[in-house]
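A structural walkthrough
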Amino acid sequence: MKKIKTANHHWWPICVSKHWRDETGHINRMQPNGAISDSSPKNLGVIKDAHNIKLKQDKDTSSSFDTSFEYEFDTADSNFPNVIKWLESLTYIFKFNEHLEDRFVPQTCTKEDLNMLTECAVSLAVRSPQNREGYVSLIESVGGEISSHKAVEIKLNMIRKQREIVKVIKDSEVKFAVLYSNSKEFIYGDGFFTNIVGNVEAPSFPYMVVPITPDISVVMVKPSSYKPEIKLSTLVLKDTEIEACNHTIQIYSKKEIFYKSHKPNIHEDFRCDKHLRYVEIDNPMSTLINSMPGISSFIEL
């Protein structure tokens, strides 16, 4: 019987987080109380045995049913470097004096390009603390407190979600937008704008707005109504729009946010130390998504 070795699994993969290093080679981390620390990419976004399922809690005892699903994220992690290079190479235009819906620049791309982008973006949502917390809330709502066995249930719920959600997106008409910074940087956190959170089944209309680097964020959405001609577009955001994206990260994050060189001001939403979400339909991220080319109707859940 092969024993599953204890391991540190990254919910923020090193191949991505290294792009957030400042001039000292470290990433800045901020907590809800305002405390700031810095660390190397390999020491951030880590959960011990995050993707190992051990049915017996004794560390010296194994079960023939023990398994690991870390391999589920191998495709994403091996392709992330090339995906980031591709995102950096796309054409974008500064069109600040036009209406938002007129500022998007359509891009040509291959199905393989979008499939790899999907694989990478979805992986950030599936293994995020926000998603794990969603499973905690789901289990607590039907079964009380989280025990060691409930913790196993959380991982069992996660085990096939990467493949299931990627399949829903690849088999559907999904729209993508790549957002670029002007002079202000994006921030990252342990949560972001998405409905891939604690889902027992893959959502019918998945969506997300997720930072990839301090200069690039990605929008992915399966709209309820759409026009087929444009699948991918780019948009350069104004500094006020980047601030709205960063405020959203603070709303959806709980324990930590990360930044490269532009220290964010803490919003009260982040001080709550909870994964919050927008309650109103008319919010900045929904407005952004509904302005994308080819989208007739976007359902936020």
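All figures in this text were calculated on a predicted structure; none of them were measured in a lab. (Residues numbered from 1 in each chain as written. Predicted model: local features only at pLDDT ≥ 70, side-chain atom pairs only at ≥ 80, totals over all residues. Heavy atoms only, no water.)

1. Here's the deal with helix 6 (residues 161-170)
For helix 6, the complete set of buried residues consists of Lys161, Gln162, Ile165, Val166 and Ile169. Down the axis of helix 6, the buried set is contained in an arc of 120 degrees. They therefore lie on one face. (Buried < 20%, exposed > 50% of the residue type's maximum accessible area, 1.4 Å probe, protein only. Helix = DSSP H or I, 4+ residues; strand = E, 2+ residues; numbered from the N terminus. Arc of directions from axis to C-beta.)

2. Quick word on the side chain of Asn131
Counting through the fold element by element, Asn131 comes out in helix 4 (residues 129-143). Apart from the residues lying within four places of it in its own chain, the contact partners of Asn131 are Ala125, Val126, Ile196, Val197, Gly198 and Asn199. (Contact = heavy atoms within 4.5 Å.)

3. Some remarks on empty space enclosed by the protein
One pass over the full model with this rule turns up two cavities of 30 Å³ or more. In this structure, the largest cavity occupies an estimated 60 Å³ of space. Around the largest cavity, the lining residues are Phe186, Phe193, Val209, Pro211, Ser217, Cys245, Asn246, Thr248, Ile249 and Met285. Partitioning the lining of the largest cavity into residue classes produces seven nonpolar, three polar and no charged. (1 Å grid on protein atoms, 1.4 Å probe; cavity = no way out; pocket = protein on both sides within 12 Å on 5 of 7 lines; lining within 4 Å. Points joined across faces, edges and corners; volume = space filled by probe spheres on them. Nonpolar A, V, L, I, M, F, W, Y, C, P; charged D, E, K, R; others polar.)

4. Considering the sheet that holds strand 8 (residues 175-180)
Strand order in the open sheet formed by six strands is 7-14-8-12-11-10, and the pairing between neighbours is mixed. Strands at the two margins of the open sheet, each flanked by one partner only, are strand 7 (105-106) and strand 10 (193-194). Pairing of strand 8 with strand 14 (residues 232-236) involves five bridges; the strand directions are parallel. Across the sheet, Phe176 pairs through a bridge with Leu232, a residue of strand 14. Each of strand 8, strand 11 (207-213), strand 12 (216-221) and strand 14 touches helix 2 (residues 74-89); the most contacted strand, strand 11, lies at about 90 degrees to it. Along the sheet, helix 3 (residues 111-126) makes contact with strand 8, strand 11, strand 12 and strand 14, crossing strand 11 at roughly 95 degrees. (Pairing = 2+ DSSP bridges. Axes fitted to C-alpha atoms, helices over the stretch in contact; angles between N-to-C directions.)

5. Brief notes about the nonpolar core
For soluble globular proteins, the rule of thumb is that nonpolar side chains tend to be buried together. The biggest cluster of nonpolar side chains holds 73 residues, and the ones touching the most others in it are Leu87, Leu179, Tyr188, Val210 and Ile289. Looking at this core element by element, the count peaks at nine residues for helix 3. In contact with Leu179, not counting residues within four places along its chain, are Phe186, Val209, Asp215, Ile216, Ser217, Val219, Leu235, Leu237 and Leu288. (Core = buried A, V, L, I, M, F, W, Y, C linked by side-chain atoms within 4.5 Å.)

6. Things to note about the pairing of strand 2 (residues 27-30)
Of the pairings in the sheet, the one linking strand 2 to strand 3 (residues 36-39) comprises four bridges and is antiparallel in character. Each bridged residue has a counterpart across the sheet, and for Ile27 the counterpart in strand 3 is Ser39. Linkage of strand 2 to strand 3, two consecutive antiparallel strands, is achieved through a turn of five residues, within which Gly34 is found at a positive phi near 95 degrees.

7. Considerations on the pattern of salt bridges
Overall, the coordinates contain 13 salt bridges when judged by the stated rule. One salt bridge connects Arg163 with Glu119, and the closest N-O pair in it is separated by 2.4 Å. Of the two residues, Arg163 is situated in helix 6 and Glu119 in helix 3; the sequence distance between them amounts to 44 residues. Classification of Glu119 by relative accessible area gives buried; the value is 2%. Sharing partners across several salt bridges, the network here consists of Glu119, Arg163 and Lys170. (Salt bridge = Lys/Arg side-chain N within 4 Å of Asp/Glu carboxyl O.)

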